[in-house]
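Here are the chains, one letter per residue:
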Amino acid sequence: QVQLVESGGGLVQPGGSLRLSCAASGSILSIVARWYRQAPGKQREWVAGSTSDGTTGYANSVSGRFTISRDNNKNTVYLQMNDLKPEDTAVYFCNAVHGLAQYWGQGTSVIVSS
């Protein structure tokens, strides 16, 4: 059974930082790993991505503040979030594309509020 297990969400003040983790049951994150988020009442949006050749990309809204990284030996991908803003409040989802399959984590909630 393929699973993505996320952790690290929580409540943080504006300007603060959080580090999200996504652990996979196997190597499904090794080729393409992404983070998405969905704010209340809004569509899910892409946040960051990482590919096996080291390429990373970020949505304009988080560029310069968020960093995606991976530890392939641990089958884990991370999202370091700095200088958090209230508009970053959302449920954050880990996503993996491996072969013809796509996998999603259960989501971890991030609330940025004073």
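As a starting point, this report considers the structure included with it. Here the structure is a predicted model, which is why all the values come from computation and not from measurement.

The helix and strand tally for the protein chain stands at 0 helices and 11 strands. The globule rule puts the C-alpha radius of gyration for 114 residues at 13 Å, and the 13 Å found for the protein chain is close to it. With respect to the principal axes defined by its C-alpha atoms, the protein chain has extents near 40 × 25 × 25 Å. Taking all 114 residues of the protein chain together, the buried fraction comes to 39%. Considering only residue pairs separated by 6 or more positions, the protein chain has 54% of its internal contacts joining residues 24 or more positions apart. Total accessible area on the protein chain is roughly 6,000 Å²; 47% of this is exposed by carbon and sulfur atoms.

Locating V5 in the fold gives a position in strand β1 (residues 4-7). Its relative accessible area of 46% is what places V5 among the partly exposed residues. For the pair V5 and G105, spaced 100 residues apart in the sequence, the C-alpha separation amounts to 5.8 Å. Residues contacting V5, with those up to four places away along its chain left out, are S21, C22, A23 and Q106.

The subject of this paragraph is the sheet that holds β1. The sheet built from 4 strands is open, its strands ordered β1-β3-β8-β7 with antiparallel pairing. A strand with exactly one partner marks an edge of an open sheet, and here the two such strands are β1 and β7 (66-71). In this sheet, adjacent strand axes meet at a mean angle of 15° when their direction is disregarded. Here 6 bridges tie β7 to strand β8 (residues 76-81), and the two strands are oriented antiparallel to one another.

Definitions and limits used
Residues numbered from 1 in each chain as written. Predicted model: local features only at pLDDT ≥ 70, side-chain atom pairs only at ≥ 80, totals over all residues. Heavy atoms only, no water. Helix = DSSP H or I, 4+ residues; strand = E, 2+ residues; numbered from the N terminus. Rg over C-alpha atoms; globule rule 2.2 N^0.38 Å. Buried < 20%, exposed > 50% of the residue type's maximum accessible area, 1.4 Å probe, protein only. Contact = heavy atoms within 4.5 Å. Areas by Shrake-Rupley, 256 points an atom, 1.4 Å probe, with all protein chains shown as cover. Pairing = 2+ DSSP bridges. Axes fitted to C-alpha atoms, helices over the stretch in contact; angles between N-to-C directions.

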